[in-house]
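Take a look at the letters that make up each chain.
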Amino acid sequence: EIVREAGRQESVRDAMLLNLHSRLAMRVMIELAHKPYQNERDLYDAASEVAWEIWFTNKNTFKIEMTSQHSPLKSLNFAALTIKDAIADRFRDKSGARPDVDTHWPHVRVHAHLTTDSVTLYIDTSGEPLFKRGWRQDTGEAPLKETLAAAMIAASGWQPDQPLYDPCCGSGTIAIEAAQIALNIAPGLQRQFAFERYLPFQAHVWDAIKNEADRAIKQEPIDPKDIKIFGSDVAHRMVDISSKATSAMQG
């Protein structure tokens, strides 16, 4: 999901809502720049013009994620390095210190997408991919991503007042996702997000959004006793994992 930057607080609030409620998106990113380019120097200039210092500080680590579609540049690695240098140089010019790069667990992920003639820069507000709902401890073998399970449920046309049975439930992803839908449980209620580390983040706004989501659970139109969702599997271990995951989701 892409949020166009209309104003910092408005964009962050929209990103909060999407991260909390979206069942299908893998990440929520805010678009910070869209510029034409011909070479790496143009990429450097485009990244230099973004006010990164209003989003994070030189104490935060960051990483550049690069994607392209028919880019004429010979090396995407060099393009990513160029954008990284532009961000670090801007921080050095503004604050006297460059932030460090962390390629494994960065505080901030900057996404750059190149087409044949334009570069778009985004800041990732999710952190961990959104299929990681925050309640699962063990996935078992060949786990189904929660986002894919939600997409399958949506495509099926299933409604909470209808029975649902998954005869090959594995670790219970489809059944648990359906139960959350039936109970109005926002998929992101039990996890943390990258935007909580950003400078525009306002804890009271986030608390209000989560409190509203909590109230929605208590206002579901269907009685929990009337929800008929079942799952089974030939592998007893997978059923055990599914039961534990259900307990974690409820807790």
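Residues numbered from 1 in each chain as written. Predicted model: local features only at pLDDT ≥ 70, side-chain atom pairs only at ≥ 80, totals over all residues. Heavy atoms only, no water.

Note: disulfide means a covalent bond formed between the sulfur atoms of two cysteine side chains. As enumerated under the stated definition, the model contains 0 disulfides in all. For the unlinked cysteine C168, the closest cysteine sulfur is that of C169, found at 8.2 Å. For C168, a relative accessible area of 62% corresponds to the exposed category. (Disulfide = S-S within 2.5 Å. Buried < 20%, exposed > 50% of the residue type's maximum accessible area, 1.4 Å probe, protein only.)

Attention now moves to the pattern of salt bridges. If charged atoms from side chains of opposite charge come close, those side chains can pair. The tally for this structure, following the rule as stated, stands at 14 salt bridges. Between R90 and E53 there is a salt bridge, with its nearest N and O atoms 2.8 Å apart. Within this pair, whereas R90 is found in helix α3 (residues 76–95), its partner E53 is found in the loop between α2 (40–48) and β3 (62–68), the two being separated by 37 residues in sequence. Residues R92 and D89 are paired through a salt bridge, measuring 3.5 Å at the closest nitrogen-oxygen approach. Of this pair, R92 and D89 are both found in helix α3, 3 residues apart, which corresponds to roughly one turn of the helix. Taking the relative accessible area as the measure of exposure, D89 reaches 11% and is therefore buried. Residues joined in a network through salt bridges with shared partners are K84, D85, D89, R92, D93 and R98. (Salt bridge = Lys/Arg side-chain N within 4 Å of Asp/Glu carboxyl O. Helix = DSSP H or I, 4+ residues; strand = E, 2+ residues; numbered from the N terminus.)

Of the volumes computed, that of the second largest pocket is approximately 290 Å³. Together, 18 residues line the second largest pocket, and S126, G127, E128, Q192 and R197 are the ones closest to its centre. Considered class by class, the residues forming the lining of the second largest pocket number 6 nonpolar, 5 polar and 7 charged. (1 Å grid on protein atoms, 1.4 Å probe; cavity = no way out; pocket = protein on both sides within 12 Å on 5 of 7 lines; lining within 4 Å. Points joined across faces, edges and corners; volume = space filled by probe spheres on them. Nonpolar A, V, L, I, M, F, W, Y, C, P; charged D, E, K, R; others polar.)

Buried residues dominate helix α5 (residues 173–182), accounting for 9 of its 10 residues. At the C-terminal side of α5, N184 shows a positive phi close to 60 degrees.

All right, on to the packing of aromatic side chains then. What the rule picks out here adds up to 6 aromatic pairs. Centre to centre, the rings of F195 and F201 are 6.0 Å apart; their planes meet at 40 degrees, and the pair counts as tilted. Through pairs of rings, three or more aromatic residues link up here, namely F193, F195, F201 and W206. In this arrangement the basic side chain of K145 is found over the ring face of F131, its NZ or CZ atom lying 4.9 Å from the centre. (Phe/Tyr/Trp six-rings, centres within 6.5 Å; stacked < 30°, edge-to-face > 60°. Lys NZ or Arg CZ within 6 Å of the ring centre and 35° of its normal.)

Close contact between α2 and α3 brings their axes to 8 Å; oriented N to C, the two are set at 35 degrees. When the axes of α2 and α3 are compared, the crossing they make is right-handed. Residue-level inspection shows E40, L43, Y44, A47 and S48 of α2 in contact with α3, the latter providing F78, A79, T82, I83, D85, A86, D89 and R90. A class-by-class count of the residues in the contact of α2 with α3 yields 7 nonpolar, 2 polar and 4 charged. (Axes fitted to C-alpha atoms, helices over the stretch in contact; angles between N-to-C directions. Left-handed = near helix turned anticlockwise from the far one by under 90°. Contact = heavy atoms within 4.5 Å.)

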